[in-house]
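Reading the structure
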Amino acid sequence: MVQPVLDEKSVAEAVDRLVDEYRVRCLWFLREDHYPKTREERLSVLGYIERYGDREAFRRAGELRQWLSRNSSAPSAGS
């Protein structure tokens, strides 16, 4: 399977989609209108989704976490 080429913006959008999908189950502490803006916030939110989500959430959050970790020297899209 060919992996899509990701950039900071597409990863941020994917994290936002996960937040929407898992907000009630995993991110009950976030305001309904809040989305992570910095890399650190995204990594933290992904950690909660990995811990409290289902197997699919764990897989998807893990892929995004790996990308953010590998590309940690790039500036954050939210900054």
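Data block above holds the structure.
Residues numbered from 1 in each chain as written. Predicted model: local features only at pLDDT ≥ 70, side-chain atom pairs only at ≥ 80, totals over all residues. Heavy atoms only, no water.

The helix and strand tally for the protein stands at three helices and zero strands. Along the protein, helices (α) and strands (β) appear in the sequence α-α-α when read from the amino end. Across the 79 residues in the protein, those meeting the buried criterion constitute 34%. Counting contacts in the protein only where the partners sit at least 6 residues apart, residues at least 24 apart contribute 58% of the total. Accessible area for the protein stands at about 5400 Å²; split by element, carbon and sulfur atoms hold 52% of it. (Helix = DSSP H or I, 4+ residues; strand = E, 2+ residues; numbered from the N terminus. Buried < 20%, exposed > 50% of the residue type's maximum accessible area, 1.4 Å probe, protein only. Contact = heavy atoms within 4.5 Å. Areas by Shrake-Rupley, 256 points an atom, 1.4 Å probe, with all protein chains shown as cover.)

Attention now goes to the nonpolar core. Among the nonpolar cores identified, the biggest contains 17 residues, and Leu18, Leu27, Leu46, Ile49 and Leu64 are the most heavily contacted of them. Put simply, the parts of the chain that give this core at least two residues each are helix H1 (8-26), helix H2 (39-52) and helix H3 (55-70). Examining the composition of this core, we find that seven residues originate from one element, H1, more than from any other. Ignoring any residue separated from it by four or fewer positions in sequence, one finds Leu46 in contact with Val15, Leu18, Ala61, Leu64, Arg65 and Leu68. (Core = buried A, V, L, I, M, F, W, Y, C linked by side-chain atoms within 4.5 Å.)

Another point: the packing of H2 against H3. Contact geometry of H2 with H3 gives a least axis separation of 8 Å together with a crossing angle of 155°. With respect to H3, the axis of H2 lies roughly antiparallel. Seen along the crossing, H2 lies across H3 with a hand that is left-handed. In this structure, H2 uses Arg39, Arg42, Leu43, Leu46, Gly47, Ile49 and Glu50 to contact H3, whose residues at the interface are Ala57, Phe58, Ala61, Gly62, Leu64, Arg65, Leu68 and Ser69. Classifying every residue of the contact of H2 with H3 by side-chain character gives eight nonpolar, three polar and four charged. (Axes fitted to C-alpha atoms, helices over the stretch in contact; angles between N-to-C directions. Parallel < 35°, antiparallel > 145°, perpendicular 65-115°, else oblique. Left-handed = near helix turned anticlockwise from the far one by under 90°. Nonpolar A, V, L, I, M, F, W, Y, C, P; charged D, E, K, R; others polar.)

A few words now on the pattern of salt bridges. The tally for this structure, following the rule as stated, stands at nine salt bridges. One salt bridge in this structure joins Arg25 and Asp54, with 3.2 Å as the shortest N-O distance. Here Arg25 is found in helix H1, whereas its partner Asp54 is found in the loop between H2 and H3, with 29 residues between them in sequence. According to the relative accessible area criterion, Arg25 is partly exposed, its value standing at 47%. Several salt bridges share partner residues, and in doing so they unite Glu8, Arg39 and Arg42 into one network. (Salt bridge = Lys/Arg side-chain N within 4 Å of Asp/Glu carboxyl O.)

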